[in-house]
Amino acid sequence: MIKTIFSGVQPSGNLHVGNYFGAIKQWVEMQNDYQCLFCVVDYHAITVKQDPEVLRRKIIETAKIYLASGIDPERSIIFQQSDVKEHTELAWILNCVSARMADLKKMTQFKDKAGEGQDNVSVGLFAYPVLMAADILLYNTDVVPVGDDQVQHVELCRDLGKRFNNLYGEVFKIPEVKIKKESARIMGLDDPQKKMSKSATSEWNYLGLTDEIEKAKKKIMKAVTDSGSEIIYDKANKPALANLLTIYSLASDRSIKDLEKEFIGKGYGDFKKGLAETMATFLISFQEKYSKIKDNDVKEILYSGAEKARIIAQNKIEEVRKKIGVLS
Ligand code: ATP
Ligand code: LTN
């Protein structure tokens, strides 16, 4: 039987090459072999403050990025999370019957995002991994392709699913996580110790997929580098260069070894110029596809995606409701 994959991106901030190489690119490659659901997870985005107008815009932009990347709505289901109410319904049920405070307190993303002010962030930010578990469990998902910052959340999803099954019998399929080793964690251009992130405080942290080309080149030229001048991949001693080499290799489809050879005897300046040109070519081609997609077409795709997703989700939630005793 054909296996199912489920994944999603939050419509917050500007999607960057980390999102693309870490997550979306592998979705595109998996479309031939799996039944795919790709969600724009807007109810995850509201765990932190959002401007309603900007959020509306970002939902469309995120779906456009899926399409421009090569997600095919004829083969894959693309939809908006808030359009399928079963996600929040199942999240509530899991909050009550499966999730424990102690599980959620361990989540490193929560600790990072909440920082010192844990008492003042929304309850939603704390409970966010339970909503993510609901997203995944509703669709009998086999595989969840994500970047490595989400691995802990998928593991929690597995635990919540198993705990429910132990209490009520086999209702949920327990999914596997899938990461692409070489691109699972792209680091920030301004700080190679932190992952590239769309909610970064500085725009010099990320290379946005819709960044203006000259700006993107400037970001590369300004990216921090390490001491020394040799172009070699050495993650421990040259983390900034290792990250730039990774991005170069992914954007050009060339091996890191090959790039090291090309830059023997050359310095960071030449290397960055090469990367800036390669990135420009990549972004121009991406943005050409992106700009051709019309908002109204995106809205229709999301609408019909939600109709398809809802059928699967409704079946699962009925089963769950029966098990816990709220459906006669
Ligand atoms: P935010 O900073 O708002 O949390 P984000 O940049 O981490 O956003 P998400 O929407 O949380 O992006 O992530 C979407 C997908 O992209 C997830 O699968 C995530 O693991 C992946 N991803 C995010 N950042 C990176 C990165 N720097 N490298 C590789 N994959 C990433
Ligand atoms: N939490 C994820 C986005 C997300 C997701 C999901 C990913 C929400 N639901 C289900 C995979 C499967 C993030 O912030 N990157």
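This text goes with the structure placed above it.
Residues numbered from 1 in each chain as written. Chains lettered and ligands numbered in written order. Predicted model: local features only at pLDDT ≥ 70, side-chain atom pairs only at ≥ 80, totals over all residues. Heavy atoms only, no water.

**Q** Sorry if this is basic, but what is going on with the site of ligand 2 here?
**A** Looking at ligand 2, there are 13 residues lining it, with Gln-10, Tyr-128, Met-132, Asp-135 and Gln-150 nearest. The contact in question runs from a nitrogen atom of ligand 2 to an N or O atom on the side chain of Asp-135, over 2.6 Å. Between Gln-150 and ligand 2, the recorded distance is 3.1 Å, taken from a side-chain N or O atom to a nitrogen atom. Here ligand 2 loses 93% of its free accessible area of 370 Å² to cover by the protein chains. Elements represented by at least two residues in the shell around ligand 2 include exactly strand S1 (3-9) and helix H7 (123-137). Per-element tally for the shell around ligand 2: the top contributor is H7, with 4 residues. Looking at the shell around ligand 2 residue by residue, the class counts come to 7 nonpolar, 5 polar and 1 charged. (Near = heavy atom within 4 Å. Polar contact = N/O pair within 3.5 Å; in protein donor to acceptor, adjacent residues only side chain to side chain. Areas by Shrake-Rupley, 256 points an atom, 1.4 Å probe, with all protein chains shown as cover. Helix = DSSP H or I, 4+ residues; strand = E, 2+ residues; numbered from the N terminus. Nonpolar A, V, L, I, M, F, W, Y, C, P; charged D, E, K, R; others polar.)

**Q** Just to check I follow, could you spell out the site of ligand 1 for this structure?
**A** Not every one of the 22 residues close to ligand 1 is listed here, only the nearest: Asp-149, Ile-186, Lys-195, Ser-197 and Ser-199. Between ligand 1 and the protein, one listed contact pairs an oxygen atom with a side-chain N or O atom of Asp-149 at 2.5 Å. In the complex, the protein chains occlude 97% of the 590 Å² of accessible area that ligand 1 would expose alone. Looking at the shell around ligand 1 element by element, the count peaks at 4 residues for helix H1 (residues 17-30). When its residues are assigned to classes, the shell around ligand 1 shows 6 nonpolar, 11 polar and 5 charged.

**Q** Just checking my understanding: could you explain the nonpolar core for this structure?
**A** The nonpolar side chains of a soluble globular protein tend to be buried, and buried together. Core analysis: the biggest nonpolar cluster contains 58 residues, and Tyr-66 and Met-279 have the highest contact counts within it. The set of elements that each furnish at least two residues to this core consists of S1, H1, strand S2 (34-40), helix H3 (52-69), helix H9 (213-222), helix H10 (239-252), helix H12 (268-292) and helix H13 (295-324). Among the elements that make up this core, the one with the highest residue count is H12 (10 residues). Leu-137, Val-146, Leu-156 and Ala-309 belong to the second largest nonpolar core, which has 42 residues in total. (Core = buried A, V, L, I, M, F, W, Y, C linked by side-chain atoms within 4.5 Å. Buried < 20%, exposed > 50% of the residue type's maximum accessible area, 1.4 Å probe, protein only.)

**Q** Explanation requested: H13 in the structure shown.
**A** Owing to its 3.6 residues per turn, the α-helix brings residues three or four apart onto one side. Between its first and last C-alpha atoms H13 spans 41 Å; for 30 residues at 1.5 Å apiece the expected length is 44 Å, and the two agree. Considered for burial, the residues of H13 that qualify are Val-298, Leu-302, Gly-305, Ala-306, Ala-309, Ala-313, Lys-316, Ile-317 and Val-320. Downstream of H13 by a residue or two, Gly-325 has a phi angle that is positive, lying close to 95°. (Expected span 1.5 Å × (residues − 1).)

**Q** I'm lost on the side chain of Asp-211 in this one. Help?
**A** You can see Asp-211 is positioned in the loop between strand S5 (176-178) and H9. A distance of 2.7 Å separates a polar atom in the side chain of Asp-211 from a polar atom in the side chain of Lys-219. Among all residues touching Asp-211, those that are not within four sequence positions of it are Tyr-206, Ala-216, Lys-219 and Gln-287. (Contact = heavy atoms within 4.5 Å.)

**Q** Quick question: what am I supposed to make of the pairing of S1 here?
**A** Note on strand geometry: in a regular strand, side chains alternate between the two faces of the sheet. Among the 7 residues that make up S1, 5 are buried, leaving the element largely enclosed by the rest of the structure. Examined bridge by bridge, S1 and S2 share 7 bridges and lie parallel to one another. Residue pairing in the sheet places Gly-8 in a bridge with Cys-39 of S2. (Pairing = 2+ DSSP bridges.)

**Q** Can you walk me through the packing of aromatic side chains in this structure?
**A** Each aromatic ring pair is specified by the distance between its two centres and by the angle formed by the two planes. All chains considered together, the criterion is met by 16 aromatic pairs. An angle of 55° between the planes, with centres 6.0 Å apart, marks the rings of Tyr-248 and Phe-263 as tilted. Pair noted here: Tyr-248 is in helix H10 and Phe-263 is in the loop between helix H11 (256-262) and H12, with a separation of 15 residues, a long-range link. For the residue pair Tyr-248 and Phe-263, the accessibility class agrees, reading buried in each case. Judged by centre distance (5.4 Å) and plane angle (80°), the rings of Phe-263 and Phe-271 are edge-to-face. Judged by relative accessible area, Phe-271 falls into the buried class, the value being 1%. (Phe/Tyr/Trp six-rings, centres within 6.5 Å; stacked < 30°, edge-to-face > 60°.)

**Q** Looking at this structure, I do not really get the side chain of Ser-249. What am I missing?
**A** Note that Ser-249 resides in helix H10. Beyond its immediate stretch of four places on either side in the chain, Ser-249 contacts Arg-254, Ser-255, Ile-256 and Leu-259.

**Q** Before we go on, may I ask you to explain H10 in this structure?
**A** With 14 residues, H10 ought to run about 20 Å at 1.5 Å a step, and its terminal C-alpha atoms sit 20 Å apart, in line with that. In terms of burial, H10 is largely enclosed, as 13 of its 14 residues are buried. After H10 finishes, the residue Asp-253 shows a positive phi value of roughly 60°.

**Q** In this structure, what is going on with the packing of H3 against H12? I would like to understand it.
**A** A packed helix pair is summarised by two numbers, namely the angle formed by the two axes and the spacing between the axes. The interhelical angle for the contact between H3 and H12, taken along N-to-C directions, is 120°, at an axis separation of 9 Å. Judged by the angle between their axes, H3 and H12 are oblique. Note on packing geometry: the crossing formed by H3 with H12 is right-handed. Contact residues: H3 offers Glu-61, Lys-64, Ile-65, Ala-68 and Ser-69, while H12 offers Phe-286, Lys-289 and Tyr-290. For the contact of H3 with H12, the residue count by class is 4 nonpolar, 1 polar and 3 charged. (Axes fitted to C-alpha atoms, helices over the stretch in contact; angles between N-to-C directions. Parallel < 35°, antiparallel > 145°, perpendicular 65-115°, else oblique. Left-handed = near helix turned anticlockwise from the far one by under 90°.)

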